[in-house]
Amino acid sequence: MPIDEPTIQATFEQMQKRLAKLLPKAELYEKARLVYEINRLKKERNAVILGHNYMEPALYTTIPDFAGDSLELSRKAAETDKDVIVFCGVRFMAETAKILSPDKTVLLPAKKAGCSLAESITAEDVRELKKLYPGVPVVTYVNTYADVKAESDYCCTSGNAHKVIEHIDADKVIFLPDEYLAGNVAKETGKTIVFPVKGATGLRKPESNIEYAMIGWKGRCEVHEQFTVEDIENVRKQFPDVVILAHPECSPEVTAASDFSGSTSAMIKYVQDVKADRYLLLTECSMGDNIAAENPQKEMLRLCSVRCPHMNEITLEDTLASLQNMQYQIEVPEDIRIKARRAVERMLEIV
Ligand code: 13P
Ligand code: SF4
């Protein structure tokens, strides 16, 4: 629930209840000023704030009207009746909000806030793939830009990739662009996956006689690709009772060595539901802080040298500037938006 108090002092007191173990008093007071001002402006602008689960605790636990994973936030973006959507997340998420709610002003508090997966593939790459595999449906992870979604038949998120693949009645699907998410989905659904090869003259099919059902792409999340089975073994040696959760953007070897794999919201729910003394999250480090703030009795281990630089671009200061200056407005060309919307809506209809 967002903190919405009538004074800075009352805002500070509420924040202290949630964050006293994580932030010193002086910093909390500074943040309380920002939270108070953001909430005031939010009403003035008739805005809704959506916050991804990776936002830092001082932001995550105070200003979002809705917090969640990519799938939950895209549903909220489609439903809102506010004039302005402030997206505390990365650009592809804000773009998805604009695709679904074109009449709203969609603001991203940082100019870039990219994503290594979204950068890993272009619309031209998808057109080439479709030429190489004519008639094969294209499923694209939401972690892509609008022009890539526009070339796709379906979108999916980490929370519903499995269901989207099972829903499609076809012998083969093209699944883009995350190599590891594709590998995890292939494993779960018992499908075989191949990867086209990029040569000097363009893309070609791999030289392989295996009967395959999924065609992937070699994009990776720069955060999740860094976690290794060795990390897991080392932590288990030190804490034999630890419960380990890995996001499906981690390699299939890492998810296999973990106790649970799911979207960011599925991981939060798992920690809340499963009784254990300590947990290790293999994902952006802030999420461990956010879970610890809401579940003080649970010990959260984290490997915090691995951070998402893009998600970490979004701060309370930037969110305030975003509402003050109505920046940075997300625009998607109408022809691309209409095509991309089809793929996103098909996903939302499935689950
Ligand atoms: P979720 O949809 O699981 O929140 O994942 C988004 C993301 O970017 C993970 O790195
Ligand atoms: Fe992209 Fe990875 Fe950051 Fe998620 S954690 S936004 S997939 S770079």
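Everything below is about the structure shown above.
Residues numbered from 1 in each chain as written. Chains lettered and ligands numbered in written order. Predicted model: local features only at pLDDT ≥ 70, side-chain atom pairs only at ≥ 80, totals over all residues. Heavy atoms only, no water.

Considering the state of the cysteines
Item 1. A complete count under the given rule lists 1 disulfide for this structure.
Item 2. The side chain of C285 participates in a disulfide bridge whose partner is C304; the two sulfur atoms lie 1.7 Å from each other. Across the S-S bond of C285 and C304 the torsion is about 60 degrees, and the bridge reads as right-handed. With C285 in the loop between strand 14 (278–282) and helix 14 (286–294) and C304 in the loop between strand 15 (299–302) and helix 15 (316–325), this pair connects stretches of sequence that are 19 residues apart.
Item 3. Residue C285 is classed as buried on the basis of its relative accessible area of 3%.
Item 4. The exposure class assigned to C304 is partly exposed, which follows from its relative accessible area of 33%.
Item 5. Left without a disulfide partner, C155 is nearest to the cysteine sulfur of C156, which lies 7.4 Å away.
Item 6. The thiol of C250 is not disulfide-bonded; the next cysteine sulfur, from C221, is found 7.9 Å away. (Disulfide = S-S within 2.5 Å. Helix = DSSP H or I, 4+ residues; strand = E, 2+ residues; numbered from the N terminus. Buried < 20%, exposed > 50% of the residue type's maximum accessible area, 1.4 Å probe, protein only.)

Some words on helix 16 (residues 334–350)
Item 1. Helix length check: helix 16, at 17 residues, gives a terminal C-alpha distance of 24 Å against a target of 24 Å (1.5 Å per residue), a fit within 8%.
Item 2. Of the positions making up helix 16, those classed as buried are R337, A340, A343, V344, M347 and L348.
Item 3. Those residues of helix 16 that are buried lie in contact with helix 4 (70–79), helix 5 (91–100), helix 8 (146–150) and strand 6 (154–156). (Expected span 1.5 Å × (residues − 1). Contact = heavy atoms within 4.5 Å.)

Some points on the site of ligand 2
Item 1. The environment of ligand 2 is made up of Y54, C115, S116, L117, N143, C221, V223, E249, C308, H310 and M311.
Item 2. Residues belonging to the shell around ligand 2 are distributed by class as follows: 7 nonpolar, 3 polar and 1 charged. (Near = heavy atom within 4 Å. Nonpolar A, V, L, I, M, F, W, Y, C, P; charged D, E, K, R; others polar.)

Regarding the side chain of T319
Item 1. Take T319: it is sitting in helix 15.
Item 2. Classification of T319 by relative accessible area gives buried; the value is 0%.
Item 3. Ignoring any residue separated from it by four or fewer positions in sequence, one finds T319 in contact with I38, I49, L59, I63, V86, C88, P109 and I314.

Some words on the pairing of strand 12 (residues 243–246)
Item 1. Residues V243 and L245 of strand 12 are buried on one face, and the alternating residues I244 and A246, pointing to the opposite face, are buried as well.
Item 2. Relative to strand 14, strand 12 runs parallel, the two sharing 4 bridges. Paired with I244 across the bridge in strand 14 is L280.
Item 3. After leaving strand 12, the chain enters helix 12 (residues 252–257) and then returns to the sheet as strand 13 (residues 260–261), a path that is right-handed. (Pairing = 2+ DSSP bridges. Right-handed = clockwise from strand over helix to strand, strands pointing away.)

Let's talk about unusual backbone geometry
Item 1. P177 follows L176 through a cis peptide bond whose omega is -15 degrees.
Item 2. Not every positive phi belongs to a glycine, and A113 is a case in point at roughly 40 degrees.
Item 3. By secondary structure assignment, the location of A113 is in the loop between strand 4 (105–107) and helix 6 (116–119).

So, the site of ligand 1
Item 1. Neighbouring residues of ligand 1: H52, Y54, D69, S70, N143, S158, H224, H247, E249, S263 and T264.
Item 2. The side chain of H247 places a nitrogen or oxygen atom 2.9 Å from an oxygen atom of ligand 1.
Item 3. E249 places a side-chain nitrogen or oxygen 2.9 Å from an oxygen atom of ligand 1. (Polar contact = N/O pair within 3.5 Å; in protein donor to acceptor, adjacent residues only side chain to side chain.)

Side note on the pattern of salt bridges
Item 1. Taken as a whole and assessed by the stated rule, the structure comprises 24 salt bridges.
Item 2. Notably, a salt bridge pairs E37 with R40, separated by 2.7 Å at the nearest N-O pair. Taken together, the positions of E37 and R40, both in helix 2 (residues 25–44) and 3 residues apart, correspond to about one turn of that helix.
Item 3. For R40, a relative accessible area of 37% gives the class partly exposed.
Item 4. E79 is the partner of K76 in a salt bridge, and the nearest nitrogen-oxygen pair spans 3.9 Å. Linking K76 with E79, this pair stays in helix 4, spanning 3 residues, or about one helical turn.
Item 5. Note on K76: relative accessible area 28%, which makes it partly exposed.
Item 6. By relative accessible area, E79 is classed as exposed at 55%.
Item 7. One salt-bridge network, held together by shared partners, links E124, R127, K130 and E151. (Salt bridge = Lys/Arg side-chain N within 4 Å of Asp/Glu carboxyl O.)

Keep in mind these numbers describe shape, not what the thing actually does.
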